[in-house]
Structures are given as structure tokens and as C-alpha cells.
Amino acid sequence: MRDHITQHPIPCPVAIIAAQQDQLRSYQEALELAQLTGSGVELIEESGHMIPLEKPQQLAARVAAWLRKVDL
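Residues numbered from 1 in each chain as written. Predicted model: local features only at pLDDT ≥ 70, side-chain atom pairs only at ≥ 80, totals over all residues. Heavy atoms only, no water.

Caption draft 1: Broad picture of the pattern of salt bridges. One pass over the structure, following the stated rule, counts 2 salt bridges. With its nearest N and O atoms 3.2 Å apart, the salt bridge here joins Glu 42 to Arg 62. Taken together, the residues span a long stretch of sequence, with Glu 42 in strand 2 (residues 41-44) and Arg 62 in helix 3 (residues 56-70) at a distance of 20 residues. Of the residues examined, Glu 42 reaches a relative accessible area of 38% and is grouped as partly exposed. (Salt bridge = Lys/Arg side-chain N within 4 Å of Asp/Glu carboxyl O. Helix = DSSP H or I, 4+ residues; strand = E, 2+ residues; numbered from the N terminus. Buried < 20%, exposed > 50% of the residue type's maximum accessible area, 1.4 Å probe, protein only.)

Caption draft 2: Expanded view of helix 1 (residues 27-37). Among the residues making up helix 1, those that are buried are Glu 29, Ala 30, Glu 32, Ala 34, Leu 36 and Thr 37. In this structure, the buried residues of helix 1 make contact with strand 1 (16-19) and strand 2. Of the residues flanking the end of helix 1, it is Gly 38, one or two places downstream, whose phi is positive at about 70°. (Contact = heavy atoms within 4.5 Å.)

Caption draft 3: Expanded view of the side chain of Lys 55. Relative to the assigned elements, Lys 55 resides in the loop between helix 2 (51-54) and helix 3. The side chain of Lys 55 sits in the buried core without any salt bridge; Glu 46 is the nearest counter-charge, 4.1 Å away. Sequence-distant contacts of Lys 55, defined by excluding residues within four places in its chain, comprise Ile 44, Glu 45, Glu 46 and Ser 47. (Lys, Arg positive; Asp, Glu negative; His and termini not counted.)

Caption draft 4: Region of interest: the pairing of strand 2. Two strands pair when backbone bridges link them, and strand 1 and strand 2 are joined in this way by 4 bridges, in the parallel orientation. Residue Ile 16 lies in a different strand from strand 2, and its bridge partner there is Val 41. A crossover connection joins strand 1 to the parallel strand 2 through helix 1; in handedness this β-α-β unit is right-handed. (Pairing = 2+ DSSP bridges. Right-handed = clockwise from strand over helix to strand, strands pointing away.)

Caption draft 5: Fine view of the environment of Val 14. Tracing the backbone shows Val 14 in the segment before strand 1. Put simply, Val 14 and Leu 33 are 19 residues apart on the chain and 9.7 Å apart in space, counted from C-alpha to C-alpha. Among residues more than four places away in sequence, those in contact with Val 14 are Thr 37, Ser 39 and Trp 66.

Caption draft 6: Expanded view of the confidence of the model for the protein chain. On average, residues of the protein chain carry a pLDDT of 89, and 88% of them reach 70 or more. Averaged pLDDT values over the elements of the protein chain bottom out at 91 in helix 1 and peak at 97 in helix 2. (pLDDT = per-residue confidence, 0-100.)

See below:
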């Protein structure tokens, strides 16, 4: 865990979306963020760091589902 990241709760809904083949940010980092924010992680398979360009439909579907879930 990164010591310099705040342990204070984030007062808004958080969506963490990770890419299976991301070479810049690891899945472990996404899990750490989820733990810090009290949220879950959505994994986009067969995508690298540029999810909006590589898997736009899957990303849009995950974001839409999350928005419905948190009622925004």
C-alpha cells in the first residue's frame, strides 16, 4: 500500500475500471484504490491502458451500469 495516499473516506461514489493488459497501471493498484475508496473493481478484458479507444462499448456499458447502480 502507498503510505502517501489518504486514508480518509471519499464522500462520493467511485468507479474503478482496470484493463487486463494495462502496462502502465497494474490490477493490484486498482485493487488498492478499491480498498481505499470502499468500491469494487471492474476489469475490462483484452484491453491495455487506453480503454476508451480499445474497448469503448465495454467501457460505456460498465459506466452506464455503475451510474444506474449508484442512481446518478
